[in-house]
Amino acid sequence: MCGIVGYIGKKQAAPILLGGLKKLEYRGYDSAGIAVREEDGVRVVKAQGRLSNLIEKTEGGAVFTGTAGIGHTRWATHGVPSECNAHPHCSFDGEVTVVHNGILENYRELKEKLLRGGYVFRSETDTEVIVALIDYYYKKYKGGPLDAIARFMQRARGAYAIAVLFRDRKEDIYVARKDSPMIVGVGEGEMFVASDVPAILNHTRKVYYLDNLEMARLCAEGAEFYNIDRERVEKTPVTVDMDPSAAEKDGWEHFMIKEIHEQPRAVADTLRRYVRDGRVDFSEAGVGEEMLKPSRVVIVGCGSAYHVGAVLQYVIEGLARIPVRVELASEFRYRNFIFEENTLVLAISQSGETADTLAAVREAKAHGAKTLAVVNVQGSSIAREADNTVFTVAGAEIAVATTKAYSAQLIVGYLLALEFARLGGRLGGEEYARLLDGLASIPEKMQSVLSHKEELQKFAAEHMNLHDVFMIGRGIDYAVCMEGALKLKEVSYVHTEAYAAGELKHGTISLIEEGTLVVGVLSQSAVCEKTLGNLEEVRSRGANVVCLVREGCAVGAPAGTVWTVPPIEEYFAASLLVLPLQLLSYYVSVQLGHDVDKPRNLAKSVTVE
Ligand code: F6R
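So, a few notes on the structure that sits alongside this text. (Residues numbered from 1 in each chain as written. Predicted model: local features only at pLDDT ≥ 70, side-chain atom pairs only at ≥ 80, totals over all residues. Heavy atoms only, no water.)

What follows is about the packing of helix α3 (residues 107–116) against helix α4 (residues 127–141). Closest axis-to-axis distance for the α3/α4 pair is 10 Å, and the angle between their directions is 50°. Taken together, the axis directions place α3 and α4 in an arrangement best described as oblique. For the element pair α3 and α4, the recorded crossing hand is left-handed. Facing α3, whose interface residues are Tyr107, Leu110, Lys111, Lys113 and Leu114, α4 presents Val129, Ala132, Leu133 and Tyr136. Considered class by class, the residues forming the contact of α3 with α4 number seven nonpolar, no polar and two charged. (Axes fitted to C-alpha atoms, helices over the stretch in contact; angles between N-to-C directions. Helix = DSSP H or I, 4+ residues; strand = E, 2+ residues; numbered from the N terminus. Parallel < 35°, antiparallel > 145°, perpendicular 65-115°, else oblique. Left-handed = near helix turned anticlockwise from the far one by under 90°. Contact = heavy atoms within 4.5 Å. Nonpolar A, V, L, I, M, F, W, Y, C, P; charged D, E, K, R; others polar.)

Residue placement: Gln409 occurs in helix α12 (residues 404–423). For Gln409, the contacting residues outside a window of four places in its chain are Ala305, Val308, Ile348, Ser349, Gln350, Val374 and Thr392.

Let us look at empty space enclosed by the protein. Counted by the stated rule, this structure contains three cavities of 30 Å³ or more. Estimated volume of the largest cavity: approximately 60 Å³. Lining the largest cavity are Cys2, Arg74, Trp75, Ala76, Thr77, His78, His87, His100, Gly102, Thr125, Asp126 and Thr127. Broken down by class, the residue content of the lining of the largest cavity amounts to three nonpolar, seven polar and two charged. Taken as a whole, the second largest cavity holds about 40 Å³ of empty space. Forming the boundary of the second largest cavity are Met1, Cys2, Trp75, Thr77, Asn101, Gly102, Thr607 and Val608. (1 Å grid on protein atoms, 1.4 Å probe; cavity = no way out; pocket = protein on both sides within 12 Å on 5 of 7 lines; lining within 4 Å. Points joined across faces, edges and corners; volume = space filled by probe spheres on them.)

This brings us to the pattern of salt bridges. Tallied over the entire structure, the rule returns 41 salt bridges. One salt bridge connects Arg273 with Glu284, and the closest N-O pair in it is separated by 3.7 Å. Taken as a pair, Arg273 in helix α7 (residues 263–274) and Glu284 in the loop between β17 (279–280) and β18 (296–301) lie far apart in primary sequence, eleven residues in all. In this structure, Glu327 engages Arg335 in a salt bridge whose closest nitrogen and oxygen atoms are separated by 2.9 Å. Overall, the relative accessible area of 5% leaves Glu327 in the buried class. Salt bridges linked by common partners bring Asp172, Arg217, Glu224 and Arg232 together as one network. (Salt bridge = Lys/Arg side-chain N within 4 Å of Asp/Glu carboxyl O. Buried < 20%, exposed > 50% of the residue type's maximum accessible area, 1.4 Å probe, protein only.)

Following this line, the structure appears as structure tokens:
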């Protein structure tokens, strides 16, 4: 979604801002802009479409000379993607300039008030209302920038992270946030602002995390932090442990294919962090035994993170015999859930910023449930708000469609399942060791699946004119289908649906026509024959059937195209089965000429509901 970057120091600001925005491109956007403080006031340049348009328009930043500025990539919420609606937005007289992430929920009511006060608006955005309101308070109460921003914060409902330039405060940049991330980076005689760490990683690793309802004043020498009552807040910077090269393609054509290939490493690193001396060990995450002995587990997440939950429900229930519910975070937060005693809410999120998952964590905490987050980004909101966080060790994920974070989340989930089972007295000794050995074998087996990628590439080339695809399976195989179908449709725009294999004939089978592609996933011995029967039903109605099979699954020899993955403990099969589906999605998208790393309309981090 939208991205913010800011700079104040001695260097020319514009190239730094453009460089930062480039690192935020992966979040998804439709327009971009920068504002730089020049001798004669704040100058703004914006462009619709790709960042390259803005870079061209500003000659790589050379049209500016100033050493302080703010920049933004916009993912449209209020108002169409256009140059006019792009940020930064300025007050009419140029006094106040703002970039904003999030949604101001009561913008209509505030706009009415401002219109009555004589303000006029040029764009359709809620952000222009923020600009006008800050400008109004600044001029009316004359209490200075922090006073004006604090008054705005008292009136605002919704989520926001803002960076603000005041024309007459030549030495400062101001930032504030509520429910939308914002960090302040520390350099030598220079300071940075960003909504996301990668934007400033080339300049500094030392950052302050702004907390909810906090503000900061930045000048070249440092930053001061304030709460909403304008009282000083002391903060300690942290050093972020993220490799700047993670945000580079390293010779790969796209981030998605690079990240698909990074999965064996992501899995190995995650295992290495949480398995020690032949035992699962979450002590680093501060997760004590009490949290690992729940009476029931509720898994919340969105999109692929939800699909991880869909796999884990089978694994946890199977191994630990603890009842599990998997809930879409966006539904969970509004459904008046019945929290039973000793419920553990497991929140899964790559970014740690997904608005609905964050709200689900808050809802769970408000009802006294224990919350455990599985998150990839350190310092993110969900990581900071959940009672405990187990970090996946996937490294920065740049492609919008998740791959390696999904795989690392599965691993943490499997390890939790083992611990639930062990502490619940269901698993021990040899069986525990055997399952851990099974997990340890995943990276090598993943590598082996990836080494057959040409098969998928060839298939994609031959089948690029797909229009409807169904992926069917039962149990864990169905959960894998959900992820495979999301992957294919989001990057290739080919309509794909996941179906529980036994459910197809209750209506959807009417959509099967001559040549419809149906992928059957077959890894769970107890239900393989059933799914094979369902595949025969669609084949006899003209479907082109492909079987994705775990070697060793007792399925006989299905006719037609067969993709296999190496033998693996059935509970962990999703970790291998997902790879061919990711590769298929990637290659179909590339064949069709789509922007595979940044599919249309999508954002990497969904910070609005
Ligand atoms: C799909 C995808 C999304 C995310 C979802 C949740 O490829 O990436 O469905 O899984 O938006 O995001 P996080 O995990 O950041 O909470």
